[in-house]
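What follows is each chain in one-letter form.
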Amino acid sequence: MPFSIDEALITHFPAHVENGAVTLAAVAARRDVISQYEGVAAAAGEATVYWVSLAGSGHQGVEFPGCGDLLVESTVKATGSGEVGTAERVEAGIEALLKDRRYERSDGLVNALYQSELSVQDVSITGDTVTVNLTGQPMSSGSCDDPRIIGQLEYTATTNAEVKDTTSVGMP
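Let us look at the structure shown here. Everything numeric in this text was worked out from a predicted model, so none of it was measured.

Bringing the pattern of salt bridges into the picture now. Per the counting criterion, the structure on display carries 5 salt bridges. Note that Arg101 is salt-bridged to Glu117, the shortest N-O span being 2.9 Å. With Arg101 in the loop between α2 (87–99) and β6 (117–126) and Glu117 in strand β6, this residue pair connects regions lying 16 residues apart in the sequence. Looking at Glu117, the relative accessible area reads 53%, which means it is exposed. The shortest N-O distance in the salt bridge between Asp145 and Arg148 comes to 3.0 Å.

Okay, here's the thing in structure tokens:
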């Protein structure tokens, strides 16, 4: 080790789970860096997504242009998500939305993307701009779903990218 054993701590986390078997990863580090590492490790495997609260449903959230709905932030498990501010984290958040095939969740929030056949082609973050290019077929149930779909994608992308102002979501 490049440091004294008296300065070391060991931490571990589940690296892979398959058929009930858990593979652990262990890391030895100096005491002064272990808390930083554990924060990064804890953030891995999660992403922020936005669900839609239909007008009058009583949730707290972000107003966006459309039919009086709100966007409600939620943290979900997401494989390979990496740290906030990375393209991997943005992709993990968008993919989590696209993989959820339920229209209405148990908490009453909805996913306007539930019937879309989309996948992430690529993600880039440059300055205050995050760009997400999607492939496949977006499906909308009508004029109120269009801003819901755009809102879910844009807010999920900007939050995971840690940019405030600009999002570009390219759909086929």
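Let's pick the thread back up.
This part is about the pairing of strand β5 (residues 70–77). Inspection of the sheet shows strand β3 (residues 46–53) paired to β5 by 8 bridges, in the antiparallel sense. Each bridged residue has a counterpart across the sheet, and for Val49 the counterpart in β5 is Ser74. Where strand β4 (residues 62–63) meets β5, 2 bridges bridge the pair, whose relative direction is antiparallel. Directly across from Val62, in β5, lies its bridge partner Leu71. Linking two consecutive strands that pair antiparallel, namely β4 and β5, is a turn of 6 residues; a positive phi of about 155° is found at Gly66 within it.

Attention now goes to α2. With 13 residues, α2 ought to run about 18 Å at 1.5 Å a step, and its terminal C-alpha atoms sit 18 Å apart, in line with that. When we look at burial in α2, the residues that qualify are Arg89, Val90, Ala92, Gly93, Ile94, Glu95, Ala96, Leu97 and Leu98.

With that settled, consider the state of the cysteines. Summed over the entire model, instances satisfying the criterion amount to 1 disulfide. Residue pairing for Cys67: its cysteine sulfur links by disulfide to Cys144, the two sulfurs lying 1.9 Å apart. Looking down the S-S bond of the Cys67 and Cys144 bridge, the torsion is -95°, so its handedness is left-handed. Of this pair, Cys67 sits in the loop between β4 and β5 while Cys144 sits in the loop between β7 (129–137) and α3 (145–161), and the two are 77 residues apart along the sequence. Residue Cys67 is classed as partly exposed on the basis of its relative accessible area of 35%. Cys144 gets classed as partly exposed once you look at its relative accessible area, which sits at 25%.

With that settled, the discussion passes to α3. The end-to-end C-alpha distance of α3 is 24 Å, a good match for the 24 Å that 17 residues give at a rise of 1.5 Å each. One or two residues past the end of α3 sits Glu162, with phi positive at roughly 60°.

Criteria and thresholds
- Residues numbered from 1 in each chain as written.
- Predicted model: local features only at pLDDT ≥ 70, side-chain atom pairs only at ≥ 80, totals over all residues.
- Heavy atoms only, no water.
- Salt bridge = Lys/Arg side-chain N within 4 Å of Asp/Glu carboxyl O.
- Helix = DSSP H or I, 4+ residues; strand = E, 2+ residues; numbered from the N terminus.
- Buried < 20%, exposed > 50% of the residue type's maximum accessible area, 1.4 Å probe, protein only.
- Pairing = 2+ DSSP bridges.
- Expected span 1.5 Å × (residues − 1).
- Disulfide = S-S within 2.5 Å.

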